[in-house]
Amino acid sequence: MKRLSKLQLIPGMTVAEDVLSFHHQLLIPKGTVLTDKLITKLDLYGVMSICVEDSIPDISLVPPAPKVPSYSERLKNSEDFLQFKEDYQLNLDCFHDAMNRVVEKNIKLDVGTLLKSALNMVANRSGQVGVLDMLQNMHEFDDSTYTHSMNVALICNVLATWLNLDQNEIELATACGLFHDVGKMLIPHEIISKPGKLSPEEYAEVQKHPIAGYDLLLSQDVDKHVRFAALMHHERNDGTGYPMHLVGNQIDKYARMVAIADVYDAMTAARVYRGPLCPFRAIEIFEAEGYQRYDVNYLLTFLENVVSTYIQSRCLLSDGREGDIIYINKDKLSRPIVQCGREYVNLAEHPDLTIIEII
Ligand SMILES: [Fe+2]
Ligand SMILES: [Fe+2]
């Protein structure tokens, strides 16, 4: 038996010890063979490592390698993406430097400038979904707290736009995303980047980051919602979050947006055995587990918009067939109707089938 971080897990491994949530709810029983979906579910509950058997994993469960060139590969070769990547890297360097100055020397944050460059990245794009797609394909370049923060800022921007908030609120939501994990930058790097099991003391240390972030932002000239988002983004609607176990509207509105963007970014990240997760798989996991834990309105708006952008897209089904997504089932967003040749496959009626890739 060995303990592996979630980044080292691959489908086919056998779970050696019951996997429990922070609140001791059984998530995956001992003896279960891991699938891609179960590994992704760990993100939803913030589980960082689990114990697996030493036996050789059943490689038939590893998702098939995508055909070449995939949607993701085409996107990565597009001029738009190369430009986005350049902008992104530039912004990331500025953000990195600025945050280091704040954390090490308590220098005042230039929120306006940092925010402006993040907003420019979105403004330079033709459509918002382009941004989500591009972010997903950026994942494999770097997964540090800095990139994660930048991603969450851009996802919050897209979500706030979809919620029809006004420009000030959209900018505020972006800022809340950008600084939500600022407290992590105060936690020793060895703990944040540790691949193996965290000791209970180390885990407790990581869980201090919302309060640490809030305290750090108190001495900065930022809107109170930016501080609240740092403090409350791990709170959950049903009281199962931390650090204060708040429920529903006790959680700041912007923190509720950040919570969704935060988990979506973590879920869709690339893994050692596959590229970034197909959005339909992430949506399926949210649908199965997420509605009671997140702001339902925000989550529905987010998922509905993500899904609608894939209408008319070509996809690969889990049985190897290819087809076009032609109709979204509103009550089962992850299971649209797909036209495969002359056949209409309603995924809502075929629980055994899933969309595994946009091609
Ligand atoms: Fe966090
Ligand atoms: Fe985060």
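Residues numbered from 1 in each chain as written. Chains lettered and ligands numbered in written order. Predicted model: local features only at pLDDT ≥ 70, side-chain atom pairs only at ≥ 80, totals over all residues.

Draft legend 1. Region of the structure containing the overall build of the protein chain. Within the protein chain, the secondary structure is distributed over 14 helices and 9 strands. By the compact-globule yardstick of 21 Å for 359 residues, the protein chain fits well, its C-alpha radius of gyration being 20 Å. Seen along its three principal axes, the alpha-carbon backbone of the protein chain occupies a region of about 60 × 50 × 35 Å. Here the protein chain holds 359 residues, and 39% of them are scored as buried. Partitioning the contacts of the protein chain with sequence separation of at least 6, the portion at a separation of at least 24 is 65%. (Helix = DSSP H or I, 4+ residues; strand = E, 2+ residues; numbered from the N terminus. Rg over C-alpha atoms; globule rule 2.2 N^0.38 Å. Buried ≥ 20, exposed ≤ 12 C-beta atoms within 10 Å, placed from the backbone. Contact = placed C-beta atoms within 7 Å.)

Draft legend 2. Looking closely at the domain arrangement of the protein chain. For the protein chain, the assigned domains read domain 1 (2-61), domain 2 (71-278) and domain 3 (310-358). Each of domain 1 and domain 2 has a C-alpha centre, and the two are 25 Å apart. Of the residues lining the interface, 14 residues belong to domain 1; the matching set on domain 2 comes to 13 residues. Mapped onto the side of domain 1 that touches domain 2, the elements with two or more residues apiece are strand E1 (2-5) and helix H1 (36-44). At 5 residues, H1 tops the list of elements feeding residues into the side of domain 1 that touches domain 2. Tallied by class, residues from the side of domain 1 that touches domain 2 come to 6 nonpolar, 5 polar and 3 charged. (Domains from an automatic or database assignment. Nonpolar A, V, L, I, M, F, W, Y, C, P; charged D, E, K, R; others polar.)

Draft legend 3. Region of interest: the packing of helix H7 (residues 167-178) against helix H11 (residues 224-232). Running from N to C, H7 and H11 point in directions that differ by 40°, and their axes come no closer than 8 Å. By the angle class used here, H7 and H11 are oblique. When you trace H7 past H11, the crossing you get is right-handed. On H11, the residues touching Leu172, Ala175 and Cys176 of H7 are His225, Val226 and Ala229. Here the residues of the contact of H7 with H11 are counted per class, giving 5 nonpolar, 1 polar and no charged. (Axes fitted to C-alpha atoms, helices over the stretch in contact; angles between N-to-C directions. Parallel < 35°, antiparallel > 145°, perpendicular 65-115°, else oblique. Left-handed = near helix turned anticlockwise from the far one by under 90°.)

Draft legend 4. Layout of the sheet that holds strand E9 (residues 355-358). Here 5 strands make up an open sheet; going across it, the order is E8-E7-E6-E5-E9 and the pairing antiparallel. Bordering the open sheet on either side are strand E8 (343-346) and E9, each of which pairs with just one other strand. Within this sheet the neighbouring strands show an average axis-to-axis angle of 40°, counted without direction. The pairing of strand E5 (residues 314-317) with E9 spans 3 bridges and is antiparallel. The residue bridging leucine 316 from the neighbouring strand is glutamate 357, located in E9. (Pairing = 2+ DSSP bridges.)

Draft legend 5. Just the nonpolar core, in detail. Among the nonpolar cores identified, the biggest contains 80 residues, and Ile155, Cys156, Leu159, Cys176, Met257, Val258 and Ile260 are the most heavily contacted of them. If one sorts the elements of this core by residue count, helix H12 (residues 253-268) sits on top with 11 residues. Split by domain, this core shows at least three residues from each of two domains, domain 2 (71-278) and domain 3 (310-358). Once you skip the residues sitting within four places of it in the chain, valine 258 turns out to touch Val152, Cys156, Cys176, Gly177, His180, Ala229 and His233. (Core = buried A, V, L, I, M, F, W, Y, C linked by C-beta atoms within 7 Å.)

Draft legend 6. Fine view of helix H10 (residues 209-218). Among all positions of H10, only His209, Pro210, Gly213, Leu216 and Leu217 are buried. In an axial view of H10, the angular spread of the buried residues amounts to 130°, which keeps them on one side of the axis. Taken together, the buried residues of H10 touch helix H9 (200-206) and H11. (Arc of directions from axis to C-beta.)

Draft legend 7. Molecular detail of the pairing of E8. Taken together, the 4 bridges between strand E7 (residues 337-340) and E8 define a ladder with antiparallel strand orientation. Residue pairing for E8: cysteine 340 is matched across the bridge by glutamate 343. Hairpin connection of E7 to E8: 2 residues between the antiparallel strands, including glycine 341 at a positive phi of 60°.

Draft legend 8. Fine view of the packing of helix H3 (residues 79-105) against helix H4 (residues 111-123). Closest axis-to-axis distance for the H3/H4 pair is 10 Å, and the angle between their directions is 165°. When the axes of H3 and H4 are compared, the pair comes out roughly antiparallel. Seen along the crossing, H3 lies across H4 with a hand that is left-handed. Across the interface between the two elements, Asp87, Tyr88, Asn91, Cys94, Phe95 and Ala98 from H3 touch Leu114, Ser117, Ala118 and Met121 from H4. Class assignment of the residues belonging to the contact of H3 with H4 gives a composition of 7 nonpolar, 2 polar and 1 charged.

Draft legend 9. Local environment of the environment of proline 200. Along the chain, the position of proline 200 falls in helix H9. Between the alpha carbons of proline 200 and leucine 333 there is a distance of 38 Å; along the sequence they are 133 residues apart.

Draft legend 10. Here's a closer look at H4. For H4, built from 13 residues, the straight-helix expectation of 18 Å at 1.5 Å per residue is met to within 8% by its first-to-last C-alpha distance of 18 Å. Within H4, burial applies to Leu114, Leu115, Ala118 and Met121. Taken end-on, H4 shows its buried residues confined to a sector of 115°, consistent with a single buried face. Residues Gly112, Thr113, Asn120 and Ala123 are exposed on H4 and point more than 90 degrees away from its buried face. (Expected span 1.5 Å × (residues − 1).)

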